[in-house]
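# Overview (structure and organization)
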Amino acid sequence: MSKSYTRGACPRLSAPMETGDGLLARLVPAGPIKLKALAGLCTAARTHGNGTMEISARGNLQIRGLKPDTAPLLADRVAALGIDSSDGVPVLADPLSGDPSALIDANALAIELRQVLAASPLVLAPKVSVIVDGGGRLHLDGLTADIRTRAVSATGGPRLHIAIGGDGATATPLGTVAPDEACDAVSRLLAVIAAHGPEARGADALQSCGLAAFRDAVQARIEFQPLPPTRLPAVMVGTHSLEGDLYAVGIGLAFGHTQAHTLNALTEIARVHNALWARPAPDRTLLLGPFQRTKVKTIRDEARRLDFAVEAADPRRRIVACPGAPSCASGLIASRKLAAEIAREVEFAGTGVALHVSGCAKGCAHPFPAPLTVIGTEKGAGLVRNATARATPSYYVNEADVAATVDEFSEPETADA
């Protein structure tokens, strides 16, 4: 178990990261988790940590409050429960197994790619990641990655479109390869990134040597095609049809966190109604399934009773908040407590992220601009419009006044404002 935590590195199960409430371990599930195993993980989170469990914006599962002597015990327990979690290069695949609209089995390809990369000598930056998007409904356009692949329809069968850096709209298109050539192509492209040093990212390699170096790496395997059209945002919370007239239910974690005993209660309810698996998904969501159609309403009602978000329109889904103080050592405000207060008192028009509450200027939970951002500072809570948490606040208030101030700031600016 590593005891040194490099700034900018990602917390892993084998190398947890120091935070304000102890060590944080992150699991990158390689597939669905059996419900019995998830229940065991909830028990382990209470036994070895402080019982706080999180699902990140990228669909990773996190356990907080570990100690140097309990973190290895958690890792051992994860292995004993048979939870397949990758500690190598993160390869993110479709969260919805059995999606009838998918063009390929993205999870099977991701497993093969993880095996190839695990055997590779490449040294890559900790945050380098790969996306394998099968082209289904719960797509991954909203996530950024260094190498992203997306299944697209083509004459003769699906092909995988490859792009470098960015998200589904901003990545630089390279072209398509056959599915059986994808692992080799991705490995070669990652080698281009690795050649620029152990801290290099895909965007760095693009800026340094342009797209030509990536094209040369895959040579004749690639057929040029422009970036596929951006799809409507994938809505993870809600009911999703599976093959065989079965359904998965997407449950949102309020501000990305819950307590282990609460998650365990939800898991037990799902088991009673014959579900088999759970899958952490992007946008801080947990997918549960499969369910018969007649069970869906019951599961949603029970999840609502446990204070999970079961509607995409839940106001808590419009707010992104990091743990903040005291859970994070860098936090200067109690981000999640403030976010809950704001969700109760403020109505936001429209869709998408309306507010980011960040415990400090790092903006870990949402490194992108938001219509309104609350930032923890030495002067109190700072507010900025249409910027990231790294911007200099234009206004400061005490924590007790944040909700009321956000209500005022959330009104559209007038021409003379």
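Parameters and conventions
Residues numbered from 1 in each chain as written. Predicted model: local features only at pLDDT ≥ 70, side-chain atom pairs only at ≥ 80, totals over all residues. Heavy atoms only, no water. Helix = DSSP H or I, 4+ residues; strand = E, 2+ residues; numbered from the N terminus. Buried < 20%, exposed > 50% of the residue type's maximum accessible area, 1.4 Å probe, protein only. Contact = heavy atoms within 4.5 Å. Pairing = 2+ DSSP bridges. Core = buried A, V, L, I, M, F, W, Y, C linked by side-chain atoms within 4.5 Å. Axes fitted to C-alpha atoms, helices over the stretch in contact; angles between N-to-C directions. pLDDT = per-residue confidence, 0-100. Parallel < 35°, antiparallel > 145°, perpendicular 65-115°, else oblique. Left-handed = near helix turned anticlockwise from the far one by under 90°.

On to the environment of Leu332. By secondary structure assignment, the location of Leu332 is in the loop between β16 (319-321) and α8 (335-345). For Leu332, a relative accessible area of 38% translates into the label partly exposed. Between the alpha carbons of Leu332 and Thr377 there is a distance of 6.0 Å; along the sequence they are 45 residues apart. With residues near it in sequence (within four places) discarded, Leu332 still touches Ala325, Gly359, Gly376, Thr377, Glu378 and Glu399.

Quick look at the pairing of strand β14 (residues 277-281) now. The buried fraction of β14 amounts to five of the five residues, a majority that puts the element mostly inside the structure. Across the two faces of β14 the burial is the same, with Trp277, Arg279 and Ala281 and Ala278 and Pro280 all buried. Bridge count for strand β3 (residues 33-34) against β14 is two bridges, and the pairing is antiparallel. The residue of β14 that forms the bridge with Lys34 is Trp277.

Turning to the nonpolar core, a few remarks are in order. With 42 residues, the main nonpolar core has Leu41, Met53, Leu74, Leu266 and Leu288 as its most contacted residues. At seven residues, helix α1 (residues 35-48) tops the list of elements feeding residues into this core. What Leu41 contacts, discounting residues up to four positions off in sequence, is Leu27, Met53, Leu61, Ile63, Leu74, Val78, Leu81 and Ile83. Counting residues in each nonpolar core, the second largest holds 37 residues, with Val130, Ala151, Ile164 and Ala217 among its members.

Attention shifts here to the sheet that holds strand β9 (residues 159-164). Read across the open sheet, the five strands follow the order β6-β7-β8-β9-β10; overall the sheet is mixed. Of all the strands in the sheet, the pair left with one neighbour each is β6 (91-93) and β10 (172-177). Pairs of neighbouring strands in the sheet enclose a mean axial angle of 20 degrees, with direction left out of account. Summarising the sheet, β6 and strand β7 (residues 130-133) pair through three bridges and their orientation is parallel. Bridge pairing in β7 links Leu92 to Ile131. Where helix α4 (residues 182-194) meets the sheet, its contacts fall on β7, β8 (147-152), β9 and β10, and the angle it forms with β8 comes to roughly 155 degrees.

So, about the confidence of the model for the protein chain. With 96% of its residues at a pLDDT of at least 70, the protein chain reaches an overall mean of 92. pLDDT under 50 marks residues 1-7. Its contacts with residues more than four places away, or in other chains, come to 14 contacts.

With that settled, the discussion passes to the packing of helix α6 (residues 260-272) against helix α7 (residues 296-305). α7 packs onto α6 with a crossing angle of 165 degrees between their chain directions and a minimal axis gap of 10 Å. It follows that α6 is roughly antiparallel to α7 by the angle criterion. Once α6 is placed against α7, the crossing between them reads as right-handed. Where α6 approaches α7, its residues Leu266, Ile269 and Ala270 are matched on the opposing element by Ile299, Glu302, Ala303 and Arg305.

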